[in-house]
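Observations on the three-dimensional arrangement
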Amino acid sequence: MERLCGPKLPFWVANQTLHTDSPDLPECFQLSVLSWLPCVLLWLACPPYLFYLQRNKMGYIMMSVLNRVKTVIALVLWIVCWTDLFATFNELHQGYTHPPIYFVTPLVVGITMLLATFLIQFERLRGVQSSGILFIFWFLSVLCAIVPFRSKILQAKSEIPDKLRFITFYLYFSLVVSQLILCCFNEKPPLFSNVDTDPNPCPQSTAGFLSTMTFWWFTSMAIKGYKNPLEAKDLWSLNKRDSSEEVVPKLLREWDLEQKKAHSAQDRSTQALYSKPLPAGESNHVGEENSPEEVEVLLSKKKTPKKPSFLRSLIKAFGPYFLIGSAFKLLQDLITFVNPQLLSLLISFTKQKDAPTWWGYALAFLMFFTAFLQTLILHQHFQYCFVTGMRLRTSIIGAIYRKSLIITNAAKRTSTVGEIVNLMSVDAQRFMDLTTFLNMLWSAPLQIILALYFLWQNLGPSVLAGVAVMILLIPLNAAIAVRTRAYQVYITPSATLRAYRWGQGVEVVVMMIVKMINKALYRSAITLLLLSLSSSYHSPPPITLLLLLPSLSSSYHSPPPPSITLLLLSLSSSYHSPPSITLLLLSLSSSLCSSSSSHSPPPPPLTLHLLLLLLSLCSSFSSSHSAPPPVSVYCVDSVASHQASVSLKRIQDFLSHEELDPESVDRNNTATDSSVTVVNGKFTWAKQDPPALHNINLMVPQGSLLAVVGHVGCGKSSLVSALLGEMEKLEGHISIRGSVAYVPQQAWIQNATLRDNILFGKAYNEQTYRSCLEACALTPDLEVLPGGDLTEIGEKGINLSGGQRQRVSLARALYNEADVYLLDDPLSAVDSHVAKHIFDQVIGPQGALQGKTRILVTHGISFLPQVDNIMVIVEGRVSEMGSYQELLQQNGAFAEFLRNHSLEDIIEDEATVALSDEEEDFPDDVLSNHTDMVDSEPVVEVKRKFIRQISIISGDLENPRSKSVRRRLCSERKHAEPDPEKKLPKVEKLIQAETTETGRVKSKVFWEYIKAVGPLLTLFIGFLYGCQSAAAIGSNVWLSQWTNDAAQNVTEENVSMRVGVYAALGITQGILVMVSSFTLAMGNIGAARKLHYALLDNKFHTPQSFFDTTPIGRVINRFSKDIYVIDEALPSTVLMFLGTFFSSLSTMIVIVASTPIFAVVIAPLTFIYVFVQRFYVATSRQLKRLESVTRSPIYSHFSETVTGSSVIRAYGRHDAFVLMSDMKVDDNQKSYYPGIVANRWLGVRIEFIGNCIVLFAALFAVIGKDNLNPGLVGLSVSYALLVTMSLNWMVRMTSDLESNIVAVERVKEYSETKIEAPWEVEDKKPSPDWPSQGKVEFLDYSVRYREGLDLVLKNLTLSVVGGEKIGIVGRTGAGKSSMTLCLFRLLEAAGGEITIDGVKISEIGLHDLRSKLTIIPQEPVLFSGSLRMNLDPFDKYNDGEVWNALELSHLNKFVSNQPAKLQLECSEGGENLSVGQRQLVCLARALLRKTRILILDEATAAIDLETDDLIQSTIRTQFEDCTVFTIAHRLNTIMDYTRVLVLDKGQVAEFDTPSKLLSKRGIFYGMAKDAGLAQ
């Protein structure tokens, strides 16, 4: 430096700087280091920053006044600097020589100012509103200029030697300060940025650098949330870079690349496989022994590269952004170790009586500054981690949703809807949670290494012994991690089962699952316990202490080494103790020291200085400022990693499923005139299954109508699915010209308005729309729906009857105006007269679709003469094809079939058939109609079993039922009110219903959780934690006494006593930690079980109306996410809350006891803490609630989509549904993102207050240096550091506790919904053989759906003698299904009675009543499981009886052909059976139970006529002495019944024998005439 500054200007003068009361830095130092430092940093930061700006253009900012001023000032600064330079040259010219520094510094600073000017303009052109780089540069420039500023003032007191430089410097200083101030203001948003158009943009995008670093931009929401509970409309839009639109394609691109790589690698290995055996080809037989081995080796080699790595895709897509967070973490780790060094200097300072006072102040402010810097950096790191996690979740949900729309049917068998929802909810969440901890995998070892390095500095080689022990302990930690992972792997599927099986709703199955989950929960208790023992949230377990005792027992010839003291100190501290490993390490090193050879240097004596330095060092790696200790986080991290690896595998497996081939159907064929062509088609549902359709050849000319007929399960629906490209094409060619409209056998209805269901994304055209409604006979239905066509339809069309759903589905196809119509038996679910109307108006030769190509699957013989061609399918092959006349003349199977059904049969059947809900889909394949059933969330199906009827009943009830409106808009129930009225309930549906809980979590919720844990157990846990803290305080006090021994040289006599008492306190605390952790874990798990059981029990006893008005997504959300929080998140939150609470309390007690003056600071500080906490919790809690509420629609929409995936694909609406799902995910993240930021906002503010405590403690120490004991100084500062952490974590844990306890609130809400009547009433139990006769009487019976709705059955009085067969008929909405619901008491009477064999059914238990009745529902319900389980869930019958039932229901041939026979696995909802087969299974179930009273609800609608005849005869013979009620669409099935009941508007219109009713020529006669049964 002498060359630069010359001999007259020394670089450093110790006496002038350090050892004086008025310090000043030498001029050389000021001109070099202080001037160059900001410049060097700016030049270093510039290249990467310019590269970043080049790559990321955010728009273009117009030149503003602010920008002009900044540019002008920067240029003036350049001029000022070079004025100095030119002045130096001028002086040189005049003969004054200056050292080179006078030339170099102005030159460097001037050029740097030009660079700053360039950056100001370049940032403007790239759309940067606030520059962090320049802010730091100006800030450092001001900081470095403060010293010369003071120096020049001191010099000016005597005289000003160099007036020009004096003036230029103050000009420079004022300009730099101006730049710093201007840098705090923001430029306007760039032109053409999306902020301009967004109605409620997130202020982060326009926030300045300071605002971003301190999260100041969030304050407006915190204030809003504090004043009023936040609502969805208050939330900001999601930043575009975090939205699904940006994030999902990024991941999918990487995943596609991964898959391509894996496939190409696989292709290469396959080539190797084929090329290797070729040379041996000549000697085939000879080489045969070797070749299998050879091939086996090759195959095993081939398998490895096959799987694409989903993890790699995630890293490529989101790794770079995450690495920025990692860089912040690295910086923060390094700064963590500065404060212990500063504390050491501060303690040294207090001992030196003659040290200048400014040292102390400088150290105090340095400690404050480093702590504050650490806070800012750490929270930036967290922000990056959480945003990465959020993007991971968005992209994973998006990828899963997109995949679920295109997976093959074989893949659908392996992944049920419940399981896929679980991938979306739990597994995606796991990745989100993992990102927070991921950096600790490298950060924790780094912190430990740094701590050991500094310990080495103070303890010397004795640390090595401890390191050895640490290495020895690694296997123990590894073993714990392995056990944890094993339990985790066990728990995860159980949780999935719980979420999924909830969908299934069979209590027996669920009880088995619950037992399994309880096992898993106990294992998770063990996991928690292991965690608490292996983590350093607690002091070490007793085993560690036992290891320590030998080293403690040796008597010391010098005061005990500080390592011992530190060990003991840490034993006594609870939450903030250094990890037990360190303690072991230090204790062992101490024993080594004490027993080492005599010539080795003795360990340093125990001075408070050394003790506190070591303590603060250890606590620095036992707990960073606002993060838990690295060792404990490392343990948590390993558990999180294990959970994520389980999730990763499941997601990867799902995303690797095969996809439907979009090319399997040729849509561009112009070669032939035919609209639909199939040549040599061979199709299967899954590659491993036998083909479902063989040798299909088909040509359908443009504009013709083809009918497809055949028995149940012969492959009619499979053919339609094949034409849609839903089946695997083994061979052949399919082509379809033009667009396709598809009406599935089971209508798929969205949870939207009736109008939206019909429009299905098309623009609304009043005229076309009205004509569609008219043609599909929907106009009369609109009159009874509460809101007309704007009535919201519940999930799966729950508030429409089967016929209405089918007509809506048909209207959707009609409105869509496609070229080719695939109609899979749309006439089966509607009444005969309606079927005739629809055929004439829509499908038939004169219908609305004339001129379009139509393929109609049907059982309606009456329509066959009017079709152009008929195709007869038998067992998956085309047996005959031709026009009606041609087939009659061929005299084949078809003609035979027609002859068997005499003419009037044919006529009557026509109606019947029409309405016969053919659904026979596809025999043994899966989801042909996964269209709707796939989802069949059994829950829904079960409820639908009875409920769909509800709707049939009457319109009024329909709408109300669909929404949760019930408690809110009573008025809405009346008939067709005006549209606006209708829309209200719709909007209200999800949000209001779930957001009603606002404000603070009520103490009642905490009390509910305490009750679930057990009040006495809760008190005991509190007592244990109290004792633990008492032991901690005791040992601290004891230790401070012990350190005084060193000063008084009385160590040797007291050692044994000191060590003994201290060890006793340590052991006590260790035992208390173990017991309290274990007790808490068991209490939490008991509570989780109780809450889950209460929820489950309530949902099994909940009336059907609840399920109609509540989307299944909400129920699943309670059983998955909320129960997951109670199982996993809440216990650890409670654990940490208790730890921090008692730690804060004991820290406060110790501080106040040792330095009473500190209490003055604590009081106002506590007040501010509480104020900030209330501020934060109000906002955070409400955001958590909004996030829960917006989560349900994601899953509801998803379930709905999977169910209707084939319809969505057929209509080409794939992209629109993907967009809808993305919007729902973005809506959810919109409330999650402010929640993340709220944590950061709180952290920065609370830690700032904590840093102020450190500042005050240090300042007190400096001010009272002469009067205070140095030990007390150190204690008060180190405790100040501790209190910051304790209080910070306490605020965080309090709010986490409130946020997580919301799950208890939500679960309790659904555990306390209104339940049905008791299942059994002991004193009213009917006799075991009841009902012996089956006599049913209705006495003046009335019923309504809910309070306030009109009656659906009015004063019904009728008597049915045992053994009678009663047919029930009536128009839609007449009350037919309501009657059957009343028998099961799914609806409770509004007046009157029903008696069965003289017993009033309203007085007995529901279980006793329902177990004695059997229903075969219109929509068959099957559960996933074996066929035997479906027929006989309670294992009451032997195999012989089961086979007999199958024979009577005509299923025995089908079942005996299956390899698995009775163990045939039914997939979810039974999709691998056709609908007709499912109805036969329900019949077989009824035949097995054989109760006295049987109810058939249009039970044979989906069955061909021949099978129907057989079944009717089975019913007549097998249920001969039973009372049978049949709701019929096919009137021919009830013409031989004892009596027929005609209902009209809920009243008995006619009730007599069929023949008498026909002769009366009333309503029944009219219906029979429509069906062709009467002249």
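The following refers to the structure shown. Just so we're clear, the structure is a prediction, and the values are computed from it rather than from any experiment.

**Quick look at the state of the cysteines**
Evaluated as defined, the whole model comprises 1 disulfide. Here cysteine 5 pairs with cysteine 28 through a disulfide, and the sulfurs are 1.9 Å apart. Looking down the S-S bond of the cysteine 5 and cysteine 28 bridge, the torsion is 65°, so its handedness is right-handed. Taken together, the residues span a long stretch of sequence, with cysteine 5 in helix H1 (residues 2–5) and cysteine 28 in helix H3 (residues 27–55) at a distance of 23 residues. Look at cysteine 5 and you get buried, because its relative accessible area is 1%. Here cysteine 28 falls in the buried class, since its relative accessible area comes to 0%.

**What about the sheet that holds strand E7 (residues 820–824)?**
Reading across from one edge, E6-E7-E8-E4-E9-E10 is the order of the 6 strands in this open sheet, with mixed pairing throughout. Each of the sheet's edge strands pairs with one partner strand only, and the pair in question is strand E6 (740–743) and strand E10 (877–882). Strand-to-strand twist across the sheet, computed as the mean angle between neighbouring axes with direction ignored, equals 15°. Direction of pairing for strand E4 (residues 705–709) relative to strand E9 (residues 869–874): parallel, over a ladder of 4 bridges. Following the sheet pairing, valine 708 is matched in E9 by methionine 871. Strands in contact with helix H29 (residues 802–816) are E6 and E7; relative to E6, the strand with the most contacts, it is inclined by about 175°.

**So, helix H25 (residues 716–723)**
Burial runs high along H25: 8 of the 8 residues are buried. Among all positions in H25, only Lys716, Ser717, Ser718, Leu719, Val720, Ser721, Ala722 and Leu723 are buried.

**Details of the environment of threonine 1414**
With respect to the helices, strands and loops of the structure, threonine 1414 is situated in strand E16 (residues 1413–1416). Sequence-wise, threonine 1414 and isoleucine 1493 are 79 residues apart; in three dimensions their C-alpha atoms are separated by 6.5 Å. If we skip the residues at most four places from it in the chain, threonine 1414 touches Phe1384, Ala1486, Arg1489, Thr1491, Ile1493, Leu1494 and Ile1495. Of the polar contacts made by the side chain of threonine 1414, one reaches the side chain of threonine 1491; its length is 2.6 Å.

**A short note on the sheet that holds strand E2 (residues 674–684)**
Pairing is mixed in the open sheet, where 4 strands are placed in the order E1-E5-E2-E3. What marks the edges here is a single partner per strand, and that holds for strand E1 (665–666) and strand E3 (693–701). Examined bridge by bridge, E1 and strand E5 (residues 728–736) share 2 bridges and lie parallel to one another. Paired with aspartate 666 across the bridge in E5 is serine 735. Most of the contacts of H25 go to E3, to which it runs at about 70°, and overall it touches E1, E2, E3 and E5.

Calculation criteria
- Residues numbered from 1 in each chain as written.
- Predicted model: local features only at pLDDT ≥ 70, side-chain atom pairs only at ≥ 80, totals over all residues.
- Heavy atoms only, no water.
- Disulfide = S-S within 2.5 Å.
- Helix = DSSP H or I, 4+ residues; strand = E, 2+ residues; numbered from the N terminus.
- Buried < 20%, exposed > 50% of the residue type's maximum accessible area, 1.4 Å probe, protein only.
- Pairing = 2+ DSSP bridges.
- Axes fitted to C-alpha atoms, helices over the stretch in contact; angles between N-to-C directions.
- Contact = heavy atoms within 4.5 Å.
- Polar contact = N/O pair within 3.5 Å; in protein donor to acceptor, adjacent residues only side chain to side chain.

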